[in-house]
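Descriptive structure summary
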Amino acid sequence: MIGYVTLGVSDMGRAKQFYTELLADLGAKVLMDMERIAFIGKSMGAPMLAVCTPFNGEPNHPGNGNMVAIPAGSKEAVDKFYHKAIELGATCDGEPGQRIPDMFYGAYVRDPDGNKLAFFEFG
C-alpha cells in the first residue's frame, strides 16, 4: 500500500548519509537522487523512504504524531538499529524494550532533523 514516505530535512547530504548508513543492513541505498529529494530503499518497486528539502522553501518541521516505523527483523536487530542511529547522530526517544508483553518490542529515535523513527519486532 505504501510507495514511499517523505521526511523533510534541512541538510540533504547529512540526511542521505544518515539514512543510507542506518539502513544499509536492510539492503537500502539511494535509488534516485534529484538534488532536492532522494529516494532510499531496496528497489523502486518496494516501499521507500524519501528525504527532501521542503518544496515551498520554508524550514522543515517534524510532525507531532508522525513516525516512520522500520521492521528490524528481530529484537536483537531493534537494539542494533537503535544504537547505530544514536552513533550516527540521532537522539533517543525511547530505549529498546518490550512495549506490549509478548506482542511488541520497539525502540524510538529522532533523526538529526527531529523526525521520529521506530524500529520494531512483533512478538
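Described below are features of the structure shown in this document. (Residues numbered from 1 in each chain as written. Predicted model: local features only at pLDDT ≥ 70, side-chain atom pairs only at ≥ 80, totals over all residues. Heavy atoms only, no water.)

Of note, Asn115 is situated in the loop between strand S7 (104-110) and strand S8 (116-122). Here Gly8 takes part through its backbone oxygen, which lies 3.1 Å from a polar atom of the side chain of Asn115. Leave out the neighbours within four places in its chain, and Asn115 touches Leu7, Gly8, Val9, Pro62, Val109 and Arg110. (Helix = DSSP H or I, 4+ residues; strand = E, 2+ residues; numbered from the N terminus. Polar contact = N/O pair within 3.5 Å; in protein donor to acceptor, adjacent residues only side chain to side chain. Contact = heavy atoms within 4.5 Å.)

We now examine the sheet that holds strand S6 (residues 91-100). Strand order in this open sheet of four strands is S5-S8-S7-S6, and the pairing throughout is mixed. Of all strands in the sheet, those bounded by a partner on one side alone are strand S5 (68-71) and S6. When the angles between neighbouring strand axes are averaged without regard to direction, this sheet yields 20°. With four bridges connecting them, S5 and S8 associate as parallel partners. Residue pairing for S8: Ala69 is matched across the bridge by Ala118. Contacting S6, S7 and S8, helix H2 (residues 75-87) runs over the sheet at an angle of about 5° to S7. (Pairing = 2+ DSSP bridges. Axes fitted to C-alpha atoms, helices over the stretch in contact; angles between N-to-C directions.)

For the coordinates displayed, the defined rule picks out five salt bridges. The residue Asp93 makes a salt bridge to Arg110 at a minimum N-O spacing of 3.4 Å. One end of the pair, Asp93, is in strand S6; the other, Arg110, is in strand S7, with 17 residues separating them in the sequence. Taking relative accessible area as the criterion, Asp93 reaches 34% and is therefore assigned partly exposed. What makes Arg110 partly exposed here is its relative accessible area of 26%. (Salt bridge = Lys/Arg side-chain N within 4 Å of Asp/Glu carboxyl O. Buried < 20%, exposed > 50% of the residue type's maximum accessible area, 1.4 Å probe, protein only.)

Summed over the entire model, instances satisfying the criterion amount to six aromatic pairs. With a centroid separation of 4.9 Å and an interplanar angle of 85°, the aromatic rings of Tyr4 and Phe39 are classed as edge-to-face. Residue Tyr4 is located in strand S1 (residues 4-8), and its partner Phe39 is located in strand S3 (residues 37-41); the two are separated by 35 residues in the primary sequence. Residue Tyr4 is classed as partly exposed on the basis of its relative accessible area of 46%. For Phe39, a relative accessible area of 6% corresponds to the buried category. Ring centres 4.9 Å apart and planes at 85° place the aromatic pair Phe18 and Tyr19 in the edge-to-face group. For the pair formed by Phe18 and Tyr19, the shared burial category is buried. (Phe/Tyr/Trp six-rings, centres within 6.5 Å; stacked < 30°, edge-to-face > 60°.)

The quantities given are spatial measurements derived from coordinates; they are silent on function.
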